[in-house]
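# Breakdown of the fold
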Amino acid sequence: MEKYDLNHLRELEAESMYVLREVAAQFERPSLLFSGGKDSIVMFYLARKAFFPAKVPFTLLHIDTGHNFQETLDFRDELVKKNNVQLVVGSVQKTIDSGKVQEETGYNASRNVLQTTTLLDAIEENKFDCALGGGRRDEEKARAKERFFSHRDEFGQWDPKNQRPELWNIFNGKKRMGEHFRVFPLSNWTELDVWQYILMENIEIPCLYFTHKRECFLRDGVYLATADFMKLKPTEKAQVLDVRCRTIGDITNTGLTLSKADNLEDIIKEIAATRTTERGGRFDDKRSDTAMEDRKKEGYF
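Residues numbered from 1 in each chain as written. Predicted model: local features only at pLDDT ≥ 70, side-chain atom pairs only at ≥ 80, totals over all residues. Heavy atoms only, no water.

## Structural notes on the overall build of the protein chain
Within the protein chain one finds nine helices and 10 strands. Taken across its 301 residues, the protein chain has 54% of its residues classed as buried. Here the protein chain displays about 14,700 Å² of accessible surface, and carbon together with sulfur accounts for 49% of that area. (Helix = DSSP H or I, 4+ residues; strand = E, 2+ residues; numbered from the N terminus. Buried < 20%, exposed > 50% of the residue type's maximum accessible area, 1.4 Å probe, protein only. Areas by Shrake-Rupley, 256 points an atom, 1.4 Å probe, with all protein chains shown as cover.)

## Structural notes on the packing of helix α1 (residues 6–26) against helix α2 (residues 38–51)
What describes two packed helices is the angle between their axes and the distance between those same axes. The interhelical angle for the contact between α1 and α2, taken along N-to-C directions, is 75°, at an axis separation of 9 Å. One way to sum up the angle between α1 and α2 is to call them roughly perpendicular. Residue-level contacts link Arg10, Glu13, Ser16, Met17, Leu20, Arg21 and Ala24 of α1 to Met43, Leu46, Ala47, Lys49, Ala50 and Phe51 of α2. Partitioned by chemical class, the residues of the contact of α1 with α2 number eight nonpolar, one polar and four charged. (Axes fitted to C-alpha atoms, helices over the stretch in contact; angles between N-to-C directions. Parallel < 35°, antiparallel > 145°, perpendicular 65-115°, else oblique. Contact = heavy atoms within 4.5 Å. Nonpolar A, V, L, I, M, F, W, Y, C, P; charged D, E, K, R; others polar.)

## Here's the deal with helix α7 (residues 191–201)
Of all 11 residues that make up α7, 10 are buried, and the element is covered over most of its length. Turning to α7, its buried residues are Glu191, Asp193, Val194, Trp195, Gln196, Tyr197, Ile198, Leu199, Met200 and Glu201. Summarising the contacts, the buried residues of α7 are in contact with α1, α2, β9 (239–245) and α8 (264–273). Just beyond α7, the residue with positive phi is Asn202, at close to 55°.

## Observations concerning the sheet that holds strand β6 (residues 180–183)
Overall, mixed pairing links the six strands, which are arranged β3-β2-β1-β4-β6-β5 in an open sheet. The two strands at the open ends of the sheet, each matched to only one other strand, are β3 (87–91) and β5 (149–152). Between one strand axis and the next, the sheet turns through 30° on average, direction left out of account. For strand β4 (residues 130–132) and β6, the ladder comprises three bridges, and the chain directions are parallel. Considered in β6, the bridge of Ala131 is made with Arg182. Sitting on the sheet, α1 touches β1 (30–33), β4, β5 and β6, and the angle it makes with β5 is about 40°. The strands touched by α2 are β1, β2 (59–64) and β4; relative to β1, the strand with the most contacts, the crossing angle is about 140°. (Pairing = 2+ DSSP bridges.)

## Remarks on the nonpolar core
Val42, Phe58, Phe149 and Trp195 are the most contacted members of the largest nonpolar core, which totals 64 residues. When residues in this core are grouped by element, the largest group, nine residues, is from α2. In this structure, this core is formed jointly by two domains, domain 1 (8–193 + 289–298) and domain 2 (205–286), each of which donates at least three residues. With 13 residues, the next largest nonpolar core counts Leu61, Val88, Leu114 and Phe128 among its residues. (Core = buried A, V, L, I, M, F, W, Y, C linked by side-chain atoms within 4.5 Å. Domains from an automatic or database assignment.)

## Thoughts on the pattern of salt bridges
Going through the model one piece at a time under the given rule, you end up with 16 salt bridges. The shortest N-O distance in the salt bridge between Arg136 and Asp138 comes to 3.0 Å. (Salt bridge = Lys/Arg side-chain N within 4 Å of Asp/Glu carboxyl O.)

## With respect to the packing of aromatic side chains
Counted under the stated rule, the structure contains five aromatic pairs. Between the aromatic rings of Phe27 and Phe181, the centroid separation amounts to 5.7 Å while the plane-to-plane angle is 50°, which identifies the pairing as tilted. In this pair, Phe27 sits in the loop between α1 and β1 while Phe181 sits in strand β6, placing the two residues 154 residues apart along the sequence. A relative accessible area of 5% places Phe27 in the buried class. Since its relative accessible area comes to 0%, Phe181 is described here as buried. Ring geometry for Phe51 and Phe58: centres 5.7 Å apart, planes at 85°, overall edge-to-face. (Phe/Tyr/Trp six-rings, centres within 6.5 Å; stacked < 30°, edge-to-face > 60°.)

## Remarks on helix α5 (residues 115–125)
The buried count for α5 comes to eight of 11 residues, which makes it a mostly enclosed element. Every buried residue belonging to α5 is among Gln115, Thr116, Thr118, Leu119, Leu120, Asp121, Ala122 and Ile123, and all of these are buried. Directly after α5, the chain includes Lys127, whose backbone phi takes a positive value near 55°.

## So, a nonpolar patch on the surface
Together, Leu167, Trp168 and Ile170 give the surface a local cluster of nonpolar side chains, amounting to about 420 Å² of exposed area. Within the fold, Trp168 resides in the loop between β5 and β6. For Trp168, a relative accessible area of 75% gives the class exposed. (Patch = residues over 30% accessible without salt bridge, like charges linked within 9 Å, V, L, I, M, F, W, Y side chains within 5 Å.)

## Quick word on the side chain of Ser40
Looking at the element boundaries, Ser40 is found in helix α2. A distance of 3.0 Å separates a polar atom in the side chain of Ser40 from the backbone oxygen of Gly37. (Polar contact = N/O pair within 3.5 Å; in protein donor to acceptor, adjacent residues only side chain to side chain.)

## Thoughts on the side chain of Ser187
Assignment of secondary structure puts Ser187 in the loop between β6 and α7. The class of Ser187 is buried, set by a relative accessible area of 12%. Look past the residues within four positions of Ser187 in its chain and what remains in contact with it is Gly135, Arg136, Arg137, Arg147 and Phe148.

What follows is the structure, encoded as structure tokens:
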């Protein structure tokens, strides 16, 4: 039995590469938001394929919360070195130190919301007129209603009522001074599509996605990794379990999945059988029903 629908994946690949080439044609200083997660890795792989044998024409932009998995940072640095691409890192810690934002305290403290200021500062300082993101159609509902080309005003904010129509794959990237666009080449992909494409193309991904032993604890139904900045409640107990990351982000928000999937075939079987959405394990989305949409309007994504 085929592990993937070759024609379906090739159609998605061609569409995404077309969008990436449109970005290179329409914008002067485009960037690719790179988290070290599977979606941004696939997006970079598609860009490398779309412009081969030339270099990828996008600067990688990573917003570092200071609370990332070290495995993610190591993977990012190795990818940059291998492919000789430019990397810009926006530091949330520097944003905190500058007094622009105030760090949260308490058991549920997170730097996820603080990323917005760091991201918008990095876009302005580097004069990026476009930022490529890895949003997909099956993700959190606020992402799913995005267009390929998502207009942002001079404050970096998203207005769902002020977006351009996209007919016959014609994209309008015109903007005023100070405005920019977020572009989502994976808009028609699903989580399962991404994993099947990774298998088909043999794309290297961080070891965090495969089952490994990690010390973690259970909070509100979500397993979280322990770290020196993770404060456990008196009722919470750390234990070593076989887990893997289904989505990778800040340690304070990345839910761990109990799993035995230590290869791509088993991950695909697990994803195909699950009834829990990918972001169901994201602790930050549990803050409110509109958490992601609120952050989008503020310029986060």
